[in-house]
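Notes for the structure review
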Amino acid sequence: MRKTLLVLLGLANGISHLYAQLAAGPMIGATDFKEVKIWLQTQKASQVFIKYRENGSSVEYITDTLQTKSKDAFTAQFVADEVQSGKIYTYTVNVDGKDLNIPQKTTFKTQTHWQYRTNPPEFSFLAGSCVYVNDSITDRPGKPYGGDYQIFSSMAKHDADFMLWLGDNTYYREVDWNTRTGMLYRNSHTRKLPELQPLLSKMAHYAIWDDHDFGPNNSDRSFWNKELSRDVFALFWANPSYGIHGQGGITTQFTWNDVDFFLLDNRYFRSVNERKSGERTVLGRQQLEWMKDALRSSTAPIKFVAMGGQLLSDAQRFEMYSNYGFEAERWEIINFIQEEGIKGVVFINGDRHHTELSILKTEGKPLIADLTVSPLTSGSHKSDEVNNLRIPDTYVFEQNYAEIFIKGPAKKRFVEIHIRDKSGKTLWIQTVNP
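Predicted model only: the values in this text are computed from it and were never measured.

On to the side chain of T138, then. As for its position among the elements, T138 is in the loop between β10 (123-128) and α2 (151-156). For T138, the side chain forms a polar contact with the side chain of R186, separated by 3.0 Å. When residues no more than four places from it in sequence are discounted, the contact partners of T138 are R173, V175 and R186.

Counted under the stated rule, the structure contains 27 salt bridges. A salt bridge links D72 to R180, with the nearest nitrogen and oxygen atoms 3.0 Å apart. Here R180 lies in helix α3 (residues 180-191) and D72 lies in the loop between β5 (66-67) and β6 (75-80), a separation of 108 residues in the sequence. Take D72: its relative accessible area is 16%, and that puts it in the buried class. E385 is the salt-bridge partner of R352, the closest N and O atoms lying 2.8 Å from each other. Taken as a pair, R352 in the loop between β16 (345-349) and β17 (356-360) and E385 in the loop between β18 (368-372) and β19 (400-407) lie far apart in primary sequence, 33 residues in all.

With that settled, consider unusual backbone geometry. For the peptide bond that leads from G25 to P26, omega is 5 degrees, which places it in the cis range. Within the secondary structure, P26 is located in strand β1 (residues 22-31). Backbone torsion omega between S374 and P375 reads -5 degrees, so that peptide bond is classified as cis. By the element assignment, P375 lies in the loop between β18 and β19. Even without being glycine, A73 reaches a positive phi, approximately 60 degrees.

Right, let's get into the layout of surface pockets. The volume enclosed by the largest pocket comes to roughly 740 Å³. In terms of lining, the largest pocket is formed by 30 residues, of which the most central are R140, Y145, Y171, H212 and N217. In terms of residue class, the lining of the largest pocket is built from 9 nonpolar, 9 polar and 12 charged. Counted as a void, the second largest pocket has a volume near 500 Å³. Every element with two or more residues in the lining of the second largest pocket is listed here: β1, β9 (107-109) and α4 (197-202). When residues in the lining of the second largest pocket are grouped by element, the largest group, 3 residues, is from β9.

A separate point is the pairing of β1. Counting buried positions along β1 yields 10 of 10 residues, so the element is predominantly enclosed. Connecting β1 to the next strand, strand β2 (residues 36-42), in antiparallel fashion are 4 residues.

A large share of β2 lies buried, amounting to 7 of its 7 residues. Of the strand pairs in this sheet, β1 and β2 are connected by 5 bridges, and their pairing is antiparallel. The partner of T31 across the bridge, within β2, is V36. With 6 bridges connecting them, β2 and β6 associate as antiparallel partners. The residue bridging L40 from the neighbouring strand is A76, located in β6.

Conventions adopted
Residues numbered from 1 in each chain as written. Predicted model: local features only at pLDDT ≥ 70, side-chain atom pairs only at ≥ 80, totals over all residues. Heavy atoms only, no water. Helix = DSSP H or I, 4+ residues; strand = E, 2+ residues; numbered from the N terminus. Polar contact = N/O pair within 3.5 Å; in protein donor to acceptor, adjacent residues only side chain to side chain. Contact = heavy atoms within 4.5 Å. Salt bridge = Lys/Arg side-chain N within 4 Å of Asp/Glu carboxyl O. Buried < 20%, exposed > 50% of the residue type's maximum accessible area, 1.4 Å probe, protein only. 1 Å grid on protein atoms, 1.4 Å probe; cavity = no way out; pocket = protein on both sides within 12 Å on 5 of 7 lines; lining within 4 Å. Points joined across faces, edges and corners; volume = space filled by probe spheres on them. Nonpolar A, V, L, I, M, F, W, Y, C, P; charged D, E, K, R; others polar. Pairing = 2+ DSSP bridges.

In short, shape yes, function no, at least from these values alone.
Structure below.
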């Protein structure tokens with residue numbers, strides 16, 4: 001019996017040792033019909049590749065072998081490009097010639113090719129923002145600002161198709177944002193959180209940023225280190241792309257089934273809040289015109305527009321679109337959607353450390369919705385601000401996340417929003433019809 005126990009302990013230690021070669025991940029990234037991205041981070045410089053096969057098949061495919069490097073925080077992104085649509089694949093991570101025994105589920109599923117064949121499949125995704133992971137070395141003295149990381153365990157229990165991270169996905173401290181070393185450290189510190197690992201491997205992940213994972217608090221286009229910030233963002237998020245039409249920033253787009261998602265950058269081009277002269281812009285003219293064109297050309301019944309801050313709320317507080325002279329651009333966006341008759345637009349954002357749903361209804365014009373989901377692990381704030389477009393009983397000022405369902409047959413699609421607390425308990429449910 002003692003010998004058997006020693007053997008079992010030896011096997012357990014071996015498994016632990018092999019898995020310990022990863023610092024974080026694996027994480028499923030951008031997912032399409034013919035490609036799936038997989039991100040991971042090793043503990044040290046290593047040669048890594050991924051083996052994958054369709055469930056039920058013995059045919060195995062292997063990605064390119066990548067060398068993780070210190071200058072990139074030992075991160076790597078792989079592309080599984082020998083896949084077929086609508087299939088489930090199991091994968092294995094190989095580090096320095098050894099297959100890792102990863103305790104999390106290591107599977108991914110490609111998108112389904114439903115067009116001209118069936119009704120678009122129903123699907124769901126999670127959303128949230130504001131992830132503060134305590135770090136006693138660099139945090140302010142006093143009560144920790146973050147905590148209750150079990151929210152990620154609750155989120156990992158859902159069978160959602162993907163997670164949409166709505167900015168402030170990590171919080172740079174004063175010691176971080178001036179150097180590559182600092183930025184890599186902060187992103188690594190957040191990403192290595194043990195409670196986060198099951199969620200990273202459970203579903204695909206897409207992300208935008210806001211001020212705290214872009215640079216200093218309330219940072220804007222004047223941030224001198226924004227190019228480095230963009231490079232680091234691209235190291236830690238496996239988005240479809242970073243920036244459109246040769247512009248800087250992180251703007252991108254993806255489609256899931258019949259729904260379009262436009263991921264905007266509200267920091268890289270943003271005017272300085274307190275500046276009194278010059279154009280007042282959050283998105284910058286080029287990105288703004290691209291968004292208009294993209295919305296107008298989209299044939300999707302529902303169009304999610306993700307950006308760091310709120311569009312619809314008229315409370316005129318903090319960095320909302322209704323404040324700091326950005327009201328003209330806010331109305332330019334609203335008027336464009338209404339005058340062009342673009343149906344099914346849902347803005348989705350974080351930033352505010354509270355959650356609420358705003359709806360703009362104008363007679364004879366398409367409805368516009370704005371869902372704010374915040375925070376995940378940072379502090380929450382309750383205020384008496386008056387948002388005249390807020391749907392009653394949707395104001396939440398505790399740690400929470402959204403589970404969002406896209407339901408209905410073609411041409412009758414609708415959005416069903418479930419806001420859940422850190423334990424997964426439903427706080428409210430609202431339906432948005434295009």
